[in-house]
Amino acid sequence: MAGIVPPGTTAVPADVSHTAHTKHDEKTDYMNLPCPIPYEELHREALMSLKPETFEGLRFDFTKGLNQKFSLSHSVSMGPTEIPSQSAETIKIPTSHYEFGANFIDPNLMLIGRVLTDGRLNARVKWDLTDNLTVKANAQLTNEPHMSHGMFNFDYKGKDFRSQFQLGNGALFGANYIQSVTPNLSLGGEVFWAGQHRKSGIGYAARYETDKMVATGQVANTGIVALSYVQKVSDKVSLATDFMYNYLSRDVTASVGYDYILRQCRLRGKIDSNGCTTSYLEERLNMGLNFILSAEIDHRKKDYKFGFGLTVG
Amino acid sequence: MAAQHKRRAEGRSDSSILAKITSSPIVSRGKQAASDAAFVSKKLLRSTGKAAWIAGTTFLILVVPLIIEMDREQQFNELELQQASLLGAPPTGPAHK
């Protein structure tokens, strides 16, 4: 931060002038605020700790780099998949699929594609046109009619703000904007309009972060109020809590979790107010070889999901 | 006959004393209280069992991997410390030579 006022030229003892100088440094320079993080990554720390990708069954991922920029990935997954059903019973059907993917990663251009054996195709493109302008595209194609969707995002990054414009199929339009207000606080808002479902919404978000903690809040007119708080207890441990309240449907969910990043493993656990506890362990067996264990217990619905897997590369 | 009468009267009065005792309000209240206590204690045992199961499985999922991993991390640290002290010794060996 640039010093606003140069230290006085009067004769002052050295340590007092030093403290005076640091006090002036701590006075915020509102012209030089840091760039805020993107709007969709507002809850990033809380999501990383509280929502690991738990799965059920076997999962095997193999990533092979052919080049510095190009890599292929093979992934096998076998296990029960839940079918959404109207009754309270959860219906699970055993499925298995193989997924082939190719990634091209360049400083300016990132292309990711995935094909599954059940006929689904995922594609993602991220292109940095200039230093400030980025174009992102995301497409998911399936065999079933009317289930494919695609979305384009245009991002503009300013000195201390970010803005984004979204275009999706089904006449989906969205825009969001986030601005740094102080070095720790950033505020933002978003609007969207979904033509197919005739819905529109507006939401506001705020994020306060320091070295040790991150607190975020988000309100939307779809009735959702989401607050989260992440505290970094040490450089290996962080604790996170999350509170979500839907004032239209009177749904409340609170969750508490921990995230331990040790040298040989990464362990995330969380417990919910819906009576659901999950735990996710990634253990490093060797260089490039990771062993994954995932457990999810829902005491209320008596639904137990356990998975194990291996990630290579 | 008089003896029989007497016995019958006594028997009737005996049974009536017993009947009086068993049908008295204190005894019936005591019986009701005992059955209530049995019902409540059965429910308490069942709910304690359920709570113990939920607490036990949640502890198993959340805390046991943490303990295991922290123990491994500590072992790894000790091993590194040992290796560091071992590797620290040799450079002085060749210097002596």
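As a convention, each chain's residues are numbered from 1 in the sequence order in which they are written. As they are written, the chains are lettered A onward and the ligands numbered 1 onward, keeping that order. For a predicted model such as this one, the threshold for reporting local features is a pLDDT of at least 70, and the threshold for listing and counting side-chain atom pairs is 80 or more; totals across whole chains, interfaces and linings nevertheless cover every residue. Only heavy atoms go into the side-chain values, all of them from the structure, while hydrogens and water stay out.

Participant: Teacher, can you tell me more about the overall build of chain A here?
Facilitator: Only DSSP runs of H or I with at least four residues qualify as helices, and only runs of E with at least two residues qualify as strands; both kinds are numbered from the N terminus onward. The secondary structure content of chain A amounts to two helices and 19 strands. Throughout, a contact is declared for two residues whenever any of their heavy atoms are within 4.5 Å. At a minimum sequence separation of 6, the contacts of chain A that also span at least 24 residues come to 30%. Here the accessible surface of atoms and residues is derived via Shrake-Rupley with a 1.4 Å probe, and residues count as covered only by protein chains that are part of the display. Of the accessible surface of chain A, which amounts to about 19,100 Å², a share of 61% is contributed by carbon and sulfur atoms. The average position of the 32 basic charges and that of the 33 acidic charges among the side chains of chain A differ by 1 Å. Here the positive residues are Lys and Arg and the negative ones are Asp and Glu; neither His nor the chain ends is included. By convention, the point assigned to a charge is CZ for Arg, NZ for Lys, CD for Glu and CG for Asp.

Participant: I would appreciate a short explanation of the environment of Arg-124 of chain A in the present structure.
Facilitator: Residues and elements named next belong to chain A. Positionally, Arg-124 belongs in strand 5 (residues 121–128). When the C-alpha atoms of Arg-124 and Asn-138 are compared, they prove to be 4.6 Å apart, with 14 residues separating the residues in sequence. Setting aside its immediate chain neighbours within four residues, Arg-124 contacts Met-110, Leu-111, Ile-112, Ala-137 and Asn-138.

Participant: I would appreciate a short explanation of the UniProt feature "transmembrane region" (unreviewed entry) in chain B in the present structure.
Facilitator: Feature annotation in UniProt places "transmembrane region" (unreviewed entry) on residues 51–68 of chain B, given in this structure's numbering. Across residues 51–68 of chain B, the secondary structure splits into 94% helix and 0% strand, with the terminal C-alpha atoms separated by 25 Å. UniProt positions are given in the numbering used here, feature names are shortened, and annotations may be inferred rather than shown by experiment.

Participant: Where do I start with the pattern of salt bridges in this structure?
Facilitator: For side chains bearing opposite charge, pairing can occur when the charged atoms are close. All names here are of chain A. For this analysis, a salt bridge means a side-chain nitrogen from Lys or Arg found within 4 Å of a carboxyl oxygen belonging to Asp or Glu. Applying the stated criterion across every chain, the model contains 22 salt bridges over all chains. In this structure, Lys-51 engages Asp-242 in a salt bridge whose closest nitrogen and oxygen atoms are separated by 3.6 Å. With Lys-51 in the loop between helix 2 (44–50) and strand 1 (57–65) and Asp-242 in strand 14 (residues 237–246), this residue pair connects regions lying 191 residues apart in the sequence. One salt-bridge network, in which partners are shared between bridges, spans Glu-41, Arg-44, Glu-45, Arg-207 and Glu-209.

Participant: Looking at this structure, how should I read the pairing of strand 16 (residues 265–272) of chain A?
Facilitator: Remark: a regular strand shows side chains that alternate across the two faces of the sheet. All names here are of chain A. With a 1.4 Å probe rolled over the protein chains alone, any residue whose accessible area is under 20% of its type maximum counts as buried; one over 50% counts as exposed, and the rest are partly exposed. With six of its eight residues buried, strand 16 lies for the most part within the structure. Any two strands between which DSSP finds at least two bridges are classified as paired. In this sheet, strand 16 lies alongside strand 15 (residues 251–261) in antiparallel orientation, the contact comprising seven bridges. In the sheet register, Gly-257 faces strand 16, and the bridge partner there is Lys-270. In sequence, strand 15 turns back onto strand 16 through a hairpin of three residues. Bridge count for strand 16 against strand 17 (residues 276–286) is seven bridges, and the pairing is antiparallel. When the bridges of strand 17 are listed, Leu-267 appears paired with Leu-281.

Participant: Help me understand the pairing of strand 12 (residues 213–220) of chain A in this model?
Facilitator: Residue and element names in this part refer to chain A. Taken across its eight residues, strand 12 has six buried, putting it largely inside the fold. Linking strand 11 (residues 199–209) to strand 12, which pair antiparallel, is a turn of three residues. When strand 12 meets strand 13 (residues 224–232), the two strands line up antiparallel, connected through seven bridges. Residue pairing across strands places Val-214 opposite Val-230, the latter belonging to strand 13.

Participant: Help me understand the nonpolar core, please; the structure alone is not making it clear to me.
Facilitator: Soluble globular proteins tend to pack their nonpolar side chains together in the buried interior. As used here, the term nonpolar core means buried Ala, Val, Leu, Ile, Met, Phe, Trp, Tyr and Cys residues forming a set that is joined through side-chain atoms within 4.5 Å. Formed by Val-237, Tyr-258, Tyr-260, Leu-262, Cys-265, Leu-267 and Leu-281 of chain A together with Leu-62 and Leu-66 of chain B, the largest nonpolar core amounts to nine residues. What Leu-62 of chain B contacts, discounting residues up to four positions off in sequence, is Tyr-258, Gly-269, Lys-270, Ile-271 and Thr-278 of chain A.

Participant: So what exactly am I meant to see when it comes to the confidence of the model for chain A here?
Facilitator: Fine structural detail should not be taken from predicted coordinates in areas where pLDDT scores are low. pLDDT runs from 0 to 100 and stands for how confident the predictor is about each residue. Summarising the model, chain A shows a mean pLDDT of 88, and 92% of its residues fall at 70 or more. Contacts from residues 1–25 of chain A, a stretch scored under 50 in pLDDT, to residues over four places away or in other chains number ten contacts.

Participant: How do you make sense of the interface of chain B and chain A when you look at a structure like this?
Facilitator: Where the parts come together, the accessible area they lose is often given as the size of the interface. Facing 14 residues of chain B, the contacting portion of chain A comprises 20 residues. The term buried area means the drop in 1.4 Å probe accessible area that two parts suffer when joined, counted for both and summed. Both faces combined, the contact of chain B with chain A buries some 1,500 Å², and carbon together with sulfur accounts for 61% of it. Area buried by chain B at its contact with chain A is led by Ile-61, Leu-62 and Glu-69 of chain B, which between them contribute 38% of it. Across the contact surface, chain B and chain A share four salt bridges. Arg-72 of chain B is paired through a salt bridge with Glu-283 of chain A; the nearest N and O atoms lie 2.7 Å apart. Mapped by element, the contributors of at least two residues to the side of chain B that touches chain A are helix 2 (25–62) and helix 3 (64–88) of chain B. It is helix 3 of chain B that contributes the most residues to the side of chain B that touches chain A, nine residues altogether. Here the side of chain B that touches chain A is built from residues that sort into seven nonpolar, three polar and four charged. Lys, Arg, Asp and Glu make up the charged group, whereas Ala, Val, Leu, Ile, Met, Phe, Trp, Tyr, Cys and Pro make up the nonpolar group; the residues left over, Gly among them, are polar.

Participant: What exactly am I supposed to notice about the side chain of Gln-166 of chain A here?
Facilitator: All names here are of chain A. Mapped onto the fold, Gln-166 is located in strand 8 (residues 161–168). By the criterion applied in these results, polar contacts are pairs of N or O atoms within 3.5 Å in which, for protein atoms, one can donate a hydrogen and the other can accept it, and in which residues neighboring in sequence qualify only through two side-chain atoms. Of the polar contacts made by the side chain of Gln-166, one reaches the side chain of Gln-164; its length is 3.3 Å. Discounting chain neighbours no more than four positions away, the residues touching Gln-166 are Met-151, Phe-152, Asn-153, Leu-172, Phe-173 and Gly-174.

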